[in-house]
Structures are given as C-alpha cells and as structure tokens.
Amino acid sequence: MNGDSFRDWLEGVLPSLKENCVIVMDNAPYHSVKKEKCPTTQWRKADIINWLTSKGEVIDNSMIIPELLEVIKRLKPLYSTYVIDEMVKEQNKVVLRLPPYHCELNSIELAWSVVKDHVKANNKTFKLADVHNLLIEGTVKVTVEMWKNFISHTTKAEDKFWDMDNLIDELIAEQQRVVLTIGNSDDEDDSDFSDF
C-alpha cells in the first residue's frame, strides 16, 4: 500500500459514504501523505528562504538557519495538511485521526485480528488464491454483534484515557495550589518550634 493507491481507493469509496460522516484513521504512512513538504533542518538555506518567500514572508538574507526555522515553526501549522484530509473535506466529510501508537482506540484493529486469526488457523497451502479466499471467509466471520462489541471495547478504552487525562489535570491543579513556606512568617507564632 502507498499514498497514491490509498487515495485512489478512497476516492472510489467516498461517494458511497453519507454526508458529514466521520472517517476514523490511524497514522499509517499512506494515510499521512502531506499536501506540501515543509522545510526541515536538512534543507539548504537557499531552499528554506525560497519556501518562506513563496508564502509571502519577507526574509532578511542575513538570517541564519535556526532563525529561519523559527519562522517556519510559526507557519508550519498553516501548511501541514494531509492530501487525504483535504480530499475528504471537499466531499463534506471529516477525518478523525487517532493519536500515534494507540491502536486500542481503533475498532478495525479488533476486526482485523479476527480475519488474520482465521487466515493463520486455516492457511494450509500458502497459495495466494487460497489466502484470498481465506481473507473473504475471515471478513464474513466478523458479524454485526462482533462490531458492536469492538466499538464498545474501544469506547471503554477511550473513557479510561479521558479518566486518566482528567486525573492528571486534577493532580497538576492540586500541585499548583500547594504552597510551601520555609522559614518564619511575620504572622506565625514561633513558640511551637522553640525546641528545635
């Protein structure tokens, strides 16, 4: 799979999806082809300046690369878009990207597990045609009831992450409220500490 193949496949699927649907997508490289490359530290200074100038930035040629990269850091969010996201947006649909390395938030991974387990358990010939048939059989094994369970499982995992996020926010807020005073204060009675 590559970015072009995925884009072509999705272009064929998009018309059959409902308006305003949400497409949940992980961060596979073929899902994440950038519409435009933004400069990095590996770019030559002249190329960085050309890119910035093409974006309407007025650049002083005496600026050094770290200074130019600071300007890029400010502009990057405006130009760091994905080909797929823009194509989907044009069709009045939305891409929801999962956080990296969180496959437990993607219900499709549970379905793929069922399919792959079926192929693994039944693949005796290792011939491509037989594997193809096993893949089809495996997808049929994924029932509506299983999908409901997969989504429920994913929702519970997401809820746990939200609970942890809220707990962290509470701990940070509590930590910011705790103030330690070391030493004497003018309005404190020091008699309790006279023995120390």
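As shown above, the structure is provided for reference.
Every value quoted in this text rests on a predicted model; they were computed, and no experiment measured them.

(A) Just helix H3 (residues 65-79), in detail. Taking the largest bend as the criterion, H3 deviates by roughly 35 degrees, centred on lysine 73, and proline proline 77 comes between one and four positions later. All of the buried residues along H3 are Leu68, Val71, Ile72 and Leu75. Residues of H3 that are buried make contact with helix H2 (45-54).

(B) Broad picture of a nonpolar patch on the surface. Together, Val22, Val24, Val94 and Leu96 make up an exposed nonpolar region whose accessible area comes to about 330 Å². Along the chain, valine 94 turns up in strand E2 (residues 94-97).

(C) Geometry of the packing of aromatic side chains. For the structure shown, the criterion picks out four aromatic pairs. An angle of 75 degrees between the planes, with centres 5.9 Å apart, marks the rings of tryptophan 147 and phenylalanine 150 as edge-to-face. Of this pair, tryptophan 147 and phenylalanine 150 both sit in helix H7 (residues 144-177), separated by three residues, roughly a single helical turn. By way of ring pairs, the aromatic residues Phe6, Trp9 and Tyr30 are connected into one cluster. It is lysine 55 that lies over the ring of tyrosine 79; its NZ or CZ is 4.6 Å from the centre. Directly above the ring of tyrosine 82 sits arginine 97, whose terminal nitrogen or CZ lies 3.9 Å from the centroid.

The rules behind each value
In this numbering scheme, every chain counts its residues from 1 along its sequence in written order. Local features in a predicted model are, by the rule used here, given only for residues with pLDDT of at least 70; side-chain atom pairs are given and counted only at 80 or more, and totals for whole chains, interfaces and linings are based on all residues. Side-chain measures were taken over the full set of non-hydrogen atoms in the model, leaving aside hydrogen atoms and water. Throughout, bend refers to the angle between the axes fitted to the seven residues that end at a position and the seven residues that start at it. Starting at the N terminus, helices and strands are each numbered in turn, a helix being any DSSP run of H or I of at least four residues and a strand any DSSP run of E of at least two. In this scheme, a residue with accessible area under 20% of its type's maximum is buried, one over 50% is exposed, and one in between is partly exposed, where area comes from a 1.4 Å probe on protein chains only. The contact criterion used is simple: two residues touch if any of their non-hydrogen atoms lie within 4.5 Å. Each patch is assembled from residues with relative accessible area greater than 30% and no salt bridge, linking like charges that lie within 9 Å and nonpolar side chains (Val, Leu, Ile, Met, Phe, Trp, Tyr) that lie within 5 Å. All accessible areas in this document rest on Shrake-Rupley with a 1.4 Å probe, and a residue is counted as covered only by the protein chains that are shown. For this document, the term salt bridge refers to a Lys or Arg side-chain nitrogen within 4 Å of an Asp or Glu carboxyl oxygen. For this analysis, a ring pair means two rings from Phe, Tyr or Trp (six-membered ring only for Trp) whose centres lie within 6.5 Å, classed as stacked if their planes differ by under 30 degrees, edge-to-face if by over 60, and tilted for the remaining angles. Placement of a positive charge over a ring is assigned whenever Lys NZ or Arg CZ falls within 6 Å of the ring centre and within 35 degrees of the normal to the ring plane.

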